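A closer look at the structure
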Amino acid sequence: TYIEGYGSPLEVTESKGISPEIDVYPNPAHTVINVRLKNYSKPFTVKLYDSKGQLLFDKPENSNQLVIPLRDLKQNCCFVLVSINNSTYLRKVIIE
């Protein structure tokens, strides 16, 4: 899967330290995707890409939780990228 800005095939940075616990739910999702970082309170960015690598959502967040609305999105396999400092974490989500 190609995601613009992350090379081809999909490429994400591996964390050298302890990674935060990231919950992405529900999966499969219908109306929203919740992204929650447990025991973490620093700013982070969440991006949502479809299976073709098109950016669907991009938002910085200052709390430990973010809700991605799925109003106009069709059934698809999507990728949630959570960027914290210089590390990026990838989660796969099915939209039904």
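Small disclaimer: the values here were computed from a predicted structure and weren't measured. (Residues numbered from 1 in each chain as written. Predicted model: local features only at pLDDT ≥ 70, side-chain atom pairs only at ≥ 80, totals over all residues. Heavy atoms only, no water.)

In this structure, Ile 33, Val 35, Ile 68, Val 80 and Val 82 are the most contacted members of the largest nonpolar core, which totals 21 residues. For this core, the secondary-structure elements that each account for two or more residues are strand S1 (21-25), strand S2 (32-38), strand S3 (44-49), strand S5 (65-69), strand S6 (76-84) and strand S7 (87-95). Looking at this core element by element, the count peaks at 4 residues for S6. Ignoring anything within four residues of it in the chain, the contact list for Ile 33 reads Val 24, Tyr 25, Leu 48, Leu 66, Val 67, Ile 68, Leu 70, Val 80 and Val 93. (Core = buried A, V, L, I, M, F, W, Y, C linked by side-chain atoms within 4.5 Å. Buried < 20%, exposed > 50% of the residue type's maximum accessible area, 1.4 Å probe, protein only. Helix = DSSP H or I, 4+ residues; strand = E, 2+ residues; numbered from the N terminus. Contact = heavy atoms within 4.5 Å.)

Here we take up the pattern of salt bridges. One pass over the full model with this rule turns up 3 salt bridges. With a shortest N-O distance of 3.2 Å, Glu 21 and Lys 38 are connected by a salt bridge. Note that Glu 21 is positioned in strand S1 and Lys 38 in strand S2, a separation of 17 residues in sequence. Taking relative accessible area as the criterion, Glu 21 reaches 45% and is therefore assigned partly exposed. Note that Lys 38 is salt-bridged to Asp 23, the shortest N-O span being 3.4 Å. Pair noted here: Lys 38 is in strand S2 and Asp 23 is in strand S1, with a separation of 15 residues, a long-range link. Within this structure, Glu 21, Asp 23, Arg 36 and Lys 38 form a network of salt bridges that share partners. (Salt bridge = Lys/Arg side-chain N within 4 Å of Asp/Glu carboxyl O.)

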